[in-house]
Amino acid sequence: MINILLIAFIISLVHMGLSKRLNTYISVLAFQGILLFGVAFIELIEINVVNLLFVLLETIVFKTIAIPYFLNYVIKKNKITRESDPFLPDFLSVVIITTIIIGSFLLSNTIQDPHIRKIFFVTALSALFTGLYFIISRKKIITHVMGFLIIENGVFVLSLAVGTEMPMLVNIGILLDIFASVLLLGVFVNKIGDILKEQDVDQLRNLKD
Amino acid sequence: MSLSIAILVVIFIFSFLVISVKERRKGDIALLAVLINSGLSSWIAIQALQGTPFEEKFYGGTVFGEIIIRADALSGWFILLTNFTMLTGILYGRRYMKAYENRSADITLHYTSYIVNHSAMIGIFCVQNMLGFLCVWELMTLSAFLMIIFEHEKMEVLKAGINYFIQAHISITFLTLAFIWVSSHTGSYDFNSIADYTVQAHPALSFMLFLCFFIGFGIKAGFVPFHTWLPYAHPAAPSHVSGIMSGVIIKLGIFGILRILLLIKVNYIEAGYTILVISVISGVYGVMLAIIQHNVKKLLAYHSIENIGIIGIGIGLGCLGMGHNNSYLAFAGFAGALLHTLNHSLFKSLLFYAAGTVYQAVHTMDIEKLGGLIKKMPKTATLFLIASLAICGLPPFNGFISEFLIYSGLFNGIVANPLSSSIMLVSALFGLVLIGGLAMLCFTKAFGIIFLGAERHPYPAPISEAELPRLFPKYVVALFILFIGLMPQLFIRLLSPVVILFTGSQAISGMPGSFINTLQTVGLSSLAFIILCIIIYQVKQKMTAARKITTSTTWSCGYTPVTPRLQYTANSFVRSYRKLVRPLLMMRKSEGTINEVFPQTTHSDTHPYDRFEAVFIDKPLKSLKRFMGRFDFLQNGSEQFYILYGIAFIIIVIIIPILIDVVVNLINLFKQV
Amino acid sequence: MGILNFILIVAASLFFSGIVIRSKSIFSGRKGPGIFQPVKDVWRLFRKGAVYSETTSFIFRIAPSIYFASVLIAIAMIPFGSQPGLISFKGDFVFFAYILALGKFFNIIGALDTGSSFEGMGASREALYSLLAEPAFFILMGSFALLTGHTSFHEIFGSLHFGSYISYAVGVLAAFVITLITLIENSRMPIDDPKTHLELTMVHEVMILDNSGFDLGLIFQAANLKFAMYGGLIANFFLTPGSELYFSIPIFIATQILFAVVVGFIESFMARFRMNQNPQYIFTLTSISLLIFLGVLLILGKIV
């Protein structure tokens, strides 16, 4: 069951690479939240109840509901339209994401440690690199934030992989989520939307000294 | 409660107090803190000088190992002279800073840094654990930096401060290197392990280690060619900070060198020659460049380099004496160096304080715009005169005593040492005499142009003498200068335990006695001289009491009456000297051209520059910038590229081991075939 | 008995300047003023009033006294054959040179005090020339210290004896160096012409243009005393230790007179060097001192 959920996760990454509309990005992020909820539930059923409840709550509340809501609010408030043409055409994006997934699969094969389950590792690495790729190849600032959220999801998956032995690690993964939502989005919602009229990353180039 | 903990507690309490009181009181709180710290440390120091060294051990955890705090006679001497100058510094400083009272945050930072700096210096003299030493050294550097950049809104002050900061860190790099070298071989962080290590190591290695330490401490002390930060940092800092920097902070380098000489078993003759050569060059170069400066504080800064050279000559002589087993030379050299450390801190700080008072009155540091100040500020002028006489090494003041000791050592060395060293010593003698003569040229110019004659430029505001609280610390220093000059034997007696540390007590059992007698005669002769001056002056007053004494304008050979613009300027005073040594200097001239038949006003500027700086600092910096400029395209401001760099790095780091594995497998495969 | 040298040198200063001027006059075919005329001039100045410039400060008023006092103390250190001076200790020639430097310092700042371009010029030249002449003196004394193994005036001259030819050569060279140092310090020919009327070519005389009255008298007498002092130094070369007083005093006076005549001779028959090249000429003295040092090394057999 876990494998199915994680494979669905990976496919959702590819879907993100395909589309151009911001709403799709947000709905994919919400979907990933639900998937992660499922994985967390199955994986961490052995740890004590309070921790489990906390993790489950966090996954549902933050990843599925709160963050997509924030993002929607920001998009509406700043009247951001769809993502403009990215640097690389769509087809190339998909190819790259697929390469990333295959690459992480090959990489995880070189690790001989029996304790790590390969599927988690593959998922985490692909999410990580896909998130980074997202940041590189998109122009709008809001998409950069989404890329960062994808990276976060990947880190969360990795922390789930060892969650039974080290529940603290999962908590740290959650803290990363909370950090992203509170700090980044808070800042975005309030400040950057007011200052930067355009939403392009090129404006940031002026900060160079 | 142990004394070190007490000092730390004092720092914390008083820093907190400084932050919380009003501006008017901040200086007084700092003064109190410095007083308490000085009291505590002087008590230790005096005991150490009397023969009971102070020792304390702390356990610093697994990182530091055991931290030992030892204060022996050498630390004692330096602690005493540091405390005195820091006290006069804060006494003068709190009056000086009154002009800046409205900048509350800056002033708080300044006074806190002062307290921390003082305590850090006491720590440097006592801490004998390598890591602990580096920590305290860094603390001292940082607090000194914060004090220097008080007027940070001026660009050149900031640049000077950063210059000092960078060079101070180069110095600490050398020290760290040397410490790591030793501790990696001996496994312990205690200073005494340096001694153990060098006893069994190869002499060439010991010498390299010694050079490493020497460069590290030499950058701090200001030996040539490591001196380029000094002439920028001293003018940029407020005057009392310049005074304590010249007075005690650069002496930390000297202390370091002396401490290393005590610990490392190096070949004393080689070390002595090295130190001697570098010191003579520093001394002569420092004063040669000091003469042509037209910013008062820069002139004084170059003079500090020269005096460090003189101290270095003393140390070199002491080492040579130890190497040749000539106890007279060893005593004279080290005693001269140590006494000159004290003397220099006194008269240099006095010069800087007086220059600071002048600056606050006329708001310019350019000598060419000053003149005639003696009539408006007679007391400051007299103090400056006393300090100038002392720095030229003229009797009856203290500068003469330390130079006399070094001369005695030199002559004895020429007489008693083998031939090769005699020739070196004659060159050192030549250098020292030249230094003395050049210093006289420099300070007649400085004192004469600033205070005498008439003003060369109209002054912006009416000038008045500084008030008594500002003059008081200067009087104290001046009295001390005179006291050392007239009673030098007391200080030699105080110094003897320190020199004994170097030479071993049995070698110099009779030495202090003969020196004390000679110096007593010197002191008495100086006293006789002063009395004679007074007698002759009184005779003159008596004989001319009935005669007519009138005043008139200065004689100008019957031509137009004298205007202030006809006076000799500083530049003209040193012109013949400058023409003599032109190949060694670097002057930058910029002139407006004269084209018309009846020219209007034009200008001509001359700025002295430092050849060593051009060669050692500017050229490498330019090549570095050119080289790095080729990679400019990498920093294009787009964050996406930066993340791309990161991803590329991660991929490379992951792939390379895999590739290596594959290649190794292939090779094995080919081997089997 | 140290007071004897003091009295002798002071006495010699009374007629030294007069002999120089007299010999110069005789060499140029005139009769010349009396031998004690300079002293009478000084005495006249001591009884006159003074005019001080308004630009000057208290420095100008005390500088001549300090200068005079420094010369007196320096004289007190000159030995006389086997008798030490009033002040004698190891390394006392360092004190000797530096106390004279103190006098020069005050001379220079006294000149700068007037705010006139003439004095400033003289002060600048004086500072430069004296700084260039110092190393020669010190290296000379260093060579003698090396030769005799002692470091005070009294002991050096006490144990100096001339044996081999080289030592005579060294002695002659040393006397030559000291003579030239005297000429430089007192600003005589060939460095500076005391009879020039052009301020642009003066070194020492231009520094004292504004002094008058008692101060001027002090300065003139100090110059005389310096001459006699250096003459006394040279005389020490010829006073072998242990001689009786009735031998040494006539030798002393004869040396002073001879020295004065030689100075007059040099002044009459040599033109002044070009002012621009004075520094180089003064610096040659140092090279000669180095030669003396090498000579001493030869004598001692340290180099062959």
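About the criteria used
Residue numbers here run from 1 along each chain, matching the order of that chain's written sequence. All chains are assigned letters beginning at A, and all ligands numbers beginning at 1, according to the order in which they are written. Restriction of local features to residues with pLDDT of at least 70 applies here, the model being predicted, together with a cutoff of 80 or more for giving and counting side-chain atom pairs; totals for whole chains, interfaces and linings are based on all residues. Side-chain figures throughout are based on the complete set of non-hydrogen atoms in the structure, without hydrogens or water. Secondary structure follows DSSP: runs of H or I at least 4 residues long count as helices, runs of E at least 2 residues long count as strands, and numbering of each begins at the N terminus. Burial here depends on accessible area, computed with a 1.4 Å probe over protein chains only, as a share of the maximum for the residue type. Under 20% is buried, over 50% is exposed, and the range in between is partly exposed. The contact rule is simple, with two residues in contact once any of their heavy atoms fall within 4.5 Å. All accessibility values rest on the Shrake-Rupley procedure with a 1.4 Å probe; residue burial counts only the protein chains present in the view. Atoms counted for the radius of gyration: C-alpha only. Globule rule: 2.2 Å times residue count to the power 0.38. The span you would expect from a helix comes to 1.5 Å times its residue count less one. Candidate patch residues must exceed 30% relative accessible area and have no salt bridge, after which like charges are joined if within 9 Å and Val, Leu, Ile, Met, Phe, Trp or Tyr side chains if within 5 Å. Counted as salt bridges are all cases of a side-chain nitrogen of Lys or Arg within 4 Å of a carboxyl oxygen of Asp or Glu. Here Asp and Glu are counted as negative and Lys and Arg as positive; His is not counted, and neither are the chain ends. For charged residues, the charge sits on one atom: NZ in Lys, CZ in Arg, CG in Asp, CD in Glu. For Phe, Tyr and Trp, where Trp contributes only its six-membered ring, two rings pair if their centres lie within 6.5 Å, and the inter-plane angle classes them as stacked under 30 degrees, edge-to-face over 60, or tilted in between. Think of it as a cone above the ring: NZ of Lys or CZ of Arg counts as a charge over the ring if it is within 6 Å of the ring centre and within 35 degrees of the ring normal. Put simply, buried area is how much 1.4 Å-probe accessible surface two parts lose in total, over both of them, once they are put together. N or O atoms within 3.5 Å of each other form a polar contact, as long as, within protein, one can give a hydrogen and the other can take it, and as long as residues adjacent in sequence are counted only when both atoms are side-chain atoms. pLDDT expresses how confident the predictor is about each individual residue, on a scale running from 0 to 100. As a rule, the C-alpha atoms of each element are fitted with a line to give its axis, helices using only the stretch in contact, and angles between N-to-C directions run from 0 to 180 degrees. Our angle categories are set so that under 35 degrees counts as roughly parallel, over 145 as roughly antiparallel, 65 to 115 as roughly perpendicular, and the remainder as oblique. By the definition used in this description, the sense in which the near helix is turned from the far one sets the handedness, with an anticlockwise turn below a right angle giving left-handed and a clockwise turn giving right-handed. Under this grouping Gly is polar, as are all residues other than the nonpolar Ala, Val, Leu, Ile, Met, Phe, Trp, Tyr, Cys and Pro and the charged Asp, Glu, Lys and Arg. When the sulfur atoms of two cysteines come within 2.5 Å, that pair is taken as a disulfide.

Chemist: Sorry if this is basic, but what is going on with the overall build of chain A here?
Modeler: Check the secondary structure of chain A and you find seven helices and zero strands. With 209 residues in all, chain A has 49% of them scored as buried. Considering only contacts in chain A between residues 6 or more positions apart, those separated by 24 or more positions represent 76%. Surface summary for chain A: the accessible area is close to 10,500 Å², and the carbon and sulfur share equals 72%.

Chemist: Help me understand the overall build of chain C, please; the structure alone is not making it clear to me.
Modeler: Looking only at helices and strands, one finds 10 helices and one strand in chain C. Each helix (α) and strand (β) of chain C, taken in turn from the N terminus, gives the series α-α-β-α-α-α-α-α-α-α-α. Scaling as 2.2 N^0.38, a compact globule of 304 residues should have a C-alpha radius of gyration of about 19 Å, and chain C matches this with 19 Å. Here the C-alpha coordinates of chain C stretch approximately 60 × 40 × 40 Å along the principal axes. Considering chain C as a whole, with its 304 residues, one finds that 63% of them fall into the buried category. In chain C, of all internal contacts separated by at least 6 residues, the share reaching a separation of at least 24 is 78%. With an accessible surface of roughly 10,700 Å², chain C has 69% of that area assigned to carbon and sulfur atoms.

Chemist: Looking at this model, I keep getting lost on helix α19 (residues 419-451) of chain B. Mind explaining?
Modeler: Every α-helical turn comprises 3.6 residues, leaving residues that sit three or four positions apart pointing alike. Here α19 of chain B contains 33 residues, and its C-alpha end-to-end distance of 48 Å stays within 8% of the 48 Å for a straight helix at 1.5 Å per residue. Within α19 of chain B, 27 of the 33 residues are buried, which leaves the element mostly enclosed by the surrounding structure.

Chemist: How should I be thinking about a positive patch on the surface in this particular structure?
Modeler: Residues and elements named next belong to chain B. Judged by side-chain charge, Lys159, Arg588, Arg611, Lys619, Lys622, Lys625, Arg626 and Arg630 come together as a positively charged surface patch. Per-element accounting of the positive patch gives the leading share, five residues, to helix α25 (residues 611-629). The exposed category is assigned to arginine 630, whose relative accessible area is 59%.

Chemist: Please explain the packing of aromatic side chains as it appears in this structure.
Modeler: Within a pair of aromatic rings, the relevant descriptors are the distance that separates the centres and the angle that separates the planes. Under the counting rule described, the total for this entry stands at 51 aromatic pairs over all chains. Consider the rings of phenylalanine 16 of chain C and phenylalanine 227 of chain C, whose centres lie 4.9 Å apart with planes at 20°: the pair is stacked. Placement of phenylalanine 16 of chain C in helix α1 (residues 2-27) and of phenylalanine 227 of chain C in helix α8 (residues 214-238) is noted, with a sequence separation of 211 residues between them. Taking relative accessible area as the criterion, phenylalanine 16 of chain C reaches 0% and is therefore assigned buried. For phenylalanine 227 of chain C, a relative accessible area of 2% corresponds to the buried category. With 6.2 Å between their ring centres and 85° between their planes, tyrosine 52 of chain C and phenylalanine 60 of chain C make a pair best called edge-to-face. You'll find tyrosine 52 of chain C and phenylalanine 60 of chain C in the same group, each marked buried. Taken together, the ring pairs in this structure connect Phe400, Phe404, Tyr407 and Phe411 of chain B together with Phe89, Phe93, Phe95, Phe96, Tyr98, Phe137 and Phe138 of chain C into an aromatic cluster. If you follow lysine 297 of chain B out to its NZ or CZ, it ends over the ring of tyrosine 359 of chain B, 6.0 Å from the centre. A cation over an aromatic ring shows up here: arginine 61 of chain C above the ring of tyrosine 52 of chain C, its NZ or CZ 4.3 Å from the ring centre.

Chemist: Looking at this structure, how should I read the arrangement of the chains?
Modeler: Ranking the two pairs of chains in contact by contact count places chains B and C at the top. The two units chain A and chain C remain apart, with a minimum C-alpha distance of 52 Å.

Chemist: I tried to follow the interface of chain C and chain B on my own but got confused; where do I start?
Modeler: For interface size, the figure often reported is the accessible area lost on association. On the side of chain B, 74 residues touch chain C, which itself brings 80 residues to the contact. Across the interface of chain C and chain B, roughly 6,500 Å² is buried in total on both sides, 78% from carbon and sulfur atoms. Area buried by chain C at its contact with chain B is led by Tyr98, Phe105 and Leu131 of chain C, which between them contribute 11% of it. At the junction of chain C with chain B, the criterion picks out one salt bridge. The residue aspartate 215 of chain C makes a salt bridge to lysine 540 of chain B at a minimum N-O spacing of 2.8 Å. Counting only elements with at least two residues in the side of chain C that touches chain B, the list comes to β1 (50-53), α3 (58-75), α4 (92-113), α5 (117-148), α8 and α10 (278-299) of chain C.

Chemist: How should I be thinking about the side chain of histidine 340 of chain B in this particular structure?
Modeler: Residues and elements named next belong to chain B. Structurally, histidine 340 is set in helix α15 (residues 327-362). Of note is the side chain of histidine 340, whose polar atom sits 2.9 Å from the side chain of asparagine 307. Contact partners of histidine 340, with chain neighbours within four places excluded, come to Asn307, Ile310, Ile311, Phe347 and Ser402.

Chemist: Got a minute to help me understand unusual backbone geometry in this structure?
Modeler: One can expect most non-glycine residues to show negative phi and most peptide bonds to be in trans. Residues and elements named next belong to chain B. With an omega dihedral of 5°, the bond running from valine 224 to proline 225 counts as a cis peptide bond. Looking at where proline 225 falls in the secondary structure, it is placed in the loop between α9 (203-221) and α10 (230-236). With an omega of 5°, the peptide bond between proline 395 and proline 396 qualifies as cis. Tracing the backbone through its elements, the reader meets proline 396 in the loop between α17 (378-391) and α18 (398-416). Phi angles above zero are rare outside glycine, and histidine 363 is one such case at about 60°. Position of histidine 363 relative to the elements: it lies in the loop between α15 and α16 (373-376).

Chemist: Explain a nonpolar patch on the surface here, please?
Modeler: Residues and elements named next belong to chain B. A surface patch of nonpolar side chains, about 1,100 Å² in accessible area, is lined by Leu621, Leu624, Phe627, Met628, Phe631, Phe633, Leu634, Phe641, Tyr642, Leu644 and Tyr645. Broken down by secondary-structure element, the contributors of at least two residues to the nonpolar patch are α25 and α26 (639-672). Relative to the helices and strands, tyrosine 645 is located in helix α26.

Chemist: What is the right way to look at the pattern of salt bridges in this model?
Modeler: Two side chains of opposite charge can pair, provided their charged atoms sit close to one another. Residues and elements named next belong to chain B. Considering all chains together, one arrives at nine salt bridges over all chains under this definition. Residues lysine 369 and aspartate 366 are paired through a salt bridge, measuring 3.3 Å at the closest nitrogen-oxygen approach. For lysine 369, a relative accessible area of 31% gives the class partly exposed.

Chemist: Honestly, the side chain of serine 349 of chain B in this entry has me stumped. Any pointers?
Modeler: Residue and element names in this part refer to chain B. Position of serine 349 among the secondary structure elements: in helix α15. Note on serine 349: relative accessible area 1%, which makes it buried. From its side chain, serine 349 meets the backbone oxygen of serine 345 in a polar contact 2.5 Å long. Ignoring any residue separated from it by four or fewer positions in sequence, one finds serine 349 in contact with Thr85, Gly243 and His344.

Chemist: Looking at this structure, how should I read the environment of isoleucine 11 of chain B?
Modeler: All names here are of chain B. With respect to the helices and strands, isoleucine 11 occurs in helix α1 (residues 3-20). Residue class for isoleucine 11 comes out buried when judged on its relative accessible area of 13%. When sequence neighbours within four positions are dropped, the list of residues in contact with isoleucine 11 reads Asn37, Ile115, Val116 and Ser119.

Chemist: Whenever I open this one, the confidence of the model for chain C confuses me. Can you help?
Modeler: Close inspection of predicted coordinates is inappropriate in any region flagged by low pLDDT. Residues and elements named next belong to chain C. Per-residue confidence for chain C gives a mean pLDDT of 82; residues scoring 70 or more make up 93%. Model confidence for chain C, summarised as mean pLDDT per element, is weakest for helix α6 (residues 153-158) at 76 and strongest for α3 at 90. For this predicted complex, the interface score ipTM comes out at 0.90, while the overall pTM is 0.81.

Chemist: Any chance you could explain the confidence of the model for chain A here in plain terms?
Modeler: Considering every residue of chain A, the mean pLDDT works out to 77; 78% of them sit at 70 or more. At the level of individual helices and strands, chain A shows its lowest average pLDDT in helix α7 (residues 167-195) of chain A, which scores 70, and its highest in helix α5 (residues 118-137) of chain A, which scores 86.

Chemist: Would you take a moment to explain the packing of helix α4 (residues 73-96) of chain B against helix α20 (residues 468-486) of chain B for this structure?
Modeler: A pair of packed helices is captured by two measures, namely the crossing angle of their axes and the spacing between those axes. Residues and elements named next belong to chain B. At a minimum axis separation of 7 Å, α4 and α20 run at an interaxial angle of 155°. The angle between the axes of α4 and α20 places the two elements in the roughly antiparallel class. The interaxial crossing formed by α4 with α20 has left-handed handedness. Here Phe84, Thr88, Leu91, Tyr92 and Arg95 of α4 lie close against α20, whose contacting residues are Pro469, Arg470, Phe472, Pro473, Lys474, Val476, Val477 and Phe480. Class assignment of the residues belonging to the contact of α4 with α20 gives a composition of nine nonpolar, one polar and three charged.

Chemist: Explanation requested: α10 of chain C in the structure shown.
Modeler: If you check α10 of chain C, its first and last C-alpha atoms are 32 Å apart, about what 22 residues at 1.5 Å a residue would give, namely 32 Å. Along α10 of chain C, the residues that are buried comprise Asn278, Pro279, Ile282, Leu285, Thr286, Ile288, Ser289, Ile292, Phe293, Gly295, Val296 and Leu297 of chain C.

Chemist: What exactly am I supposed to notice about the state of the cysteines here?
Modeler: Joining two cysteines, a disulfide is a covalent bond between their sulfur atoms. Residues and elements named next belong to chain B. As enumerated under the stated definition, the model contains zero disulfides over all chains in all. Of all cysteine sulfurs, the one in cysteine 126 lies closest to cysteine 135, which takes part in no disulfide; the gap is 16 Å. Cysteine cysteine 533 remains unbridged, with the sulfur of cysteine 392 as its closest cysteine sulfur at 17 Å. For cysteine 533, a relative accessible area of 13% puts it in the buried group.

Chemist: Looking at this structure, I do not really get the environment of phenylalanine 58 of chain C. What am I missing?
Modeler: By the secondary structure assignment, phenylalanine 58 of chain C is in helix α3. Taking C-alpha positions, phenylalanine 58 of chain C is 15 Å from phenylalanine 105 of chain C, a pair spaced 47 residues apart along the chain. Among all residues touching phenylalanine 58 of chain C, those that are not within four sequence positions of it are Ile374 and Thr382 of chain B.

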